[in-house]
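Here is what each chain is made of, one letter per residue.
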Amino acid sequence: SQQGEEDPQALSIQEGENATMNCSYKTSINNLQWYRQNSGRGLVHLILIRSNEREKHSGRLRVTLDTSKKSSSLLITASRAADTASYFCATDMDPNTGTASKLTFGTGTRLQVTL
Amino acid sequence: DAGITQSPRHKVTETGTPVTLRCHQTENHRYMYWYRQDPGHGLRLIHYSYGVKDTDKGEVSDGYSVSRSKTEDFLLTLESATSSQTSVYFCAISGQGLNQPQHFGDGTRLSIL
């Protein structure tokens, strides 16, 4: 079952523009994470936001979390061609420490940044 | 980059044959995971391990088995491969404690003809 669903499925912008991707999920979470995947490579962790946080920043990335709407957004400011990749949200529903984090991934947003 | 190596990186095999994929880590992380990635499905958890000889099933475990005899190695076995198991397989690791991110290998592209 798919816990996270990203929107849009694909996004094409020009270098310098901002890119916004959205993620919706269905059940209560412990945290929500965003990952990037370049073509032919594994996923790279970008940012983790806990259920009691509303906003988090990392460099050009800004993530928001609205637990009442069960949604999150990832904003990439001043996009570069190197940001071209697929972006996935993943939810961790297990609040227990000392256990594996069994993530549930969405289907991703494919971002194309052109010069 | 986290020290995660998957082998082989590519494999083509025939239906009915056994296949074993290997994940090796140099980070001494407790938790290891196997996912498969298919178009339209994102990543789905197959099995995971929470220590040597300690494993459990994920969302799509049917047709797969795993073993972890050492901290650094996590093996995924398809006992009798089927065409529906054609996919890209990713291994991931994470450390102990709450709110730990996962670190991924570069995947194994498996084609079953």
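Everything here concerns the structure above.
In this text, all values refer to a predicted model and were calculated from it rather than measured experimentally.

Conventions we followed
- Once a new chain begins, its residue numbering starts again from 1 and follows that chain's sequence as written.
- In the order they appear in the text, chains get letters beginning with A and ligands get numbers beginning with 1.
- Selection of residues for local features in this predicted model requires a pLDDT of at least 70, selection of side-chain atom pairs for listing and counting requires 80 or more, and totals for whole chains, interfaces and linings are taken over all residues.
- Heavy atoms from the whole structure form the basis of all side-chain values; hydrogens and water molecules are not counted.
- By definition in these notes, contact holds between two residues if any of their heavy atoms fall within 4.5 Å.
- By buried area we mean the combined loss of accessible area, with a 1.4 Å probe, across both parts when two parts are placed together.
- One speaks of a salt bridge when a side-chain nitrogen belonging to Lys or Arg is within 4 Å of a carboxyl oxygen belonging to Asp or Glu.
- Polar contacts here mean pairs of N or O atoms no more than 3.5 Å apart (in protein, one a potential hydrogen donor and the other a potential acceptor; neighbouring residues in sequence count only if both atoms are side-chain atoms).
- Secondary structure counts use DSSP, requiring at least four H or I residues in a row for a helix and at least two E residues in a row for a strand, with both numbered from the N terminus.
- Gly falls in the polar group here, along with every residue not listed as nonpolar (Ala, Val, Leu, Ile, Met, Phe, Trp, Tyr, Cys, Pro) or charged (Asp, Glu, Lys, Arg).
- Think of it in three bands: with a 1.4 Å probe and only protein chains considered, a residue is buried below 20% of the maximum accessible area for its type, exposed above 50%, and partly exposed in between.
- For this text, the term disulfide refers to a pair of cysteine sulfurs within 2.5 Å.

A.B. asks: Run through the interface of chain A and chain B, naming residues and quoting values.
C.D. replies: Counting residues at the interface gives 28 residues for chain A, matched by 24 residues for chain B. Summed over both partners, the interface of chain A with chain B comes to about 2,000 Å²; 50% of that surface belongs to carbon and sulfur atoms. Seen at the junction of chain A and chain B, the total is one salt bridge. Asp106(B) is the partner of Arg41(A) in a salt bridge, and the nearest nitrogen-oxygen pair spans 3.1 Å. Connecting chain A to chain B are eight residue pairs in polar contact (both at pLDDT 80 or more). Every element with two or more residues in the side of chain A that touches chain B is listed here: β4 (31-37), β5 (43-50) and β10 (103-105) of chain A. Here the side of chain A that touches chain B is built from residues that sort into eight nonpolar, 16 polar and four charged.

A.B. asks: Would you mind going over the pattern of salt bridges in detail, with residue names and values included?
C.D. replies: Inspection of the entire model under this criterion finds nine salt bridges over all chains. Glu53(A) serves as the salt-bridge partner of Lys56(A), at 3.9 Å between the closest nitrogen and oxygen. Lys56(A) gets classed as partly exposed once you look at its relative accessible area, which sits at 28%. What makes Glu53(A) buried here is its relative accessible area of 17%. Asp38(B) is paired through a salt bridge with Arg44(B); the nearest N and O atoms lie 3.0 Å apart. Here the two residues Asp38(B) and Arg44(B) agree in accessibility, since each one is buried.

A.B. asks: Which residues make up the state of the cysteines, and what values go with them?
C.D. replies: Under the definition given, this model contains two disulfides over all chains. One disulfide bridge connects Cys23(A) with Cys89(A), the sulfur atoms lying 2.0 Å from each other. Residues Cys23(A) and Cys89(A) are joined through a disulfide that is right-handed, its torsion about the S-S bond being 65°. Taken together, the residues Cys23(A) in strand β3 (residues 19-24) and Cys89(A) in strand β9 (residues 85-92) connect sequence positions 66 residues apart. Per residue, the accessibility class of Cys23(A) equals that of Cys89(A), and both read buried. With its sulfur 1.9 Å from that of its partner, Cys23(B) forms a disulfide with Cys91(B). In this structure, the disulfide formed by Cys23(B) and Cys91(B) twists by about -70° around the S-S bond and is classed as left-handed. Separated by 68 residues along the polypeptide, Cys23(B) in strand β3 (residues 19-25) and Cys91(B) in strand β9 (residues 87-94) bring together distant segments of the chain. Judged on exposure class, the residue Cys23(B) and its partner Cys91(B) are both buried.

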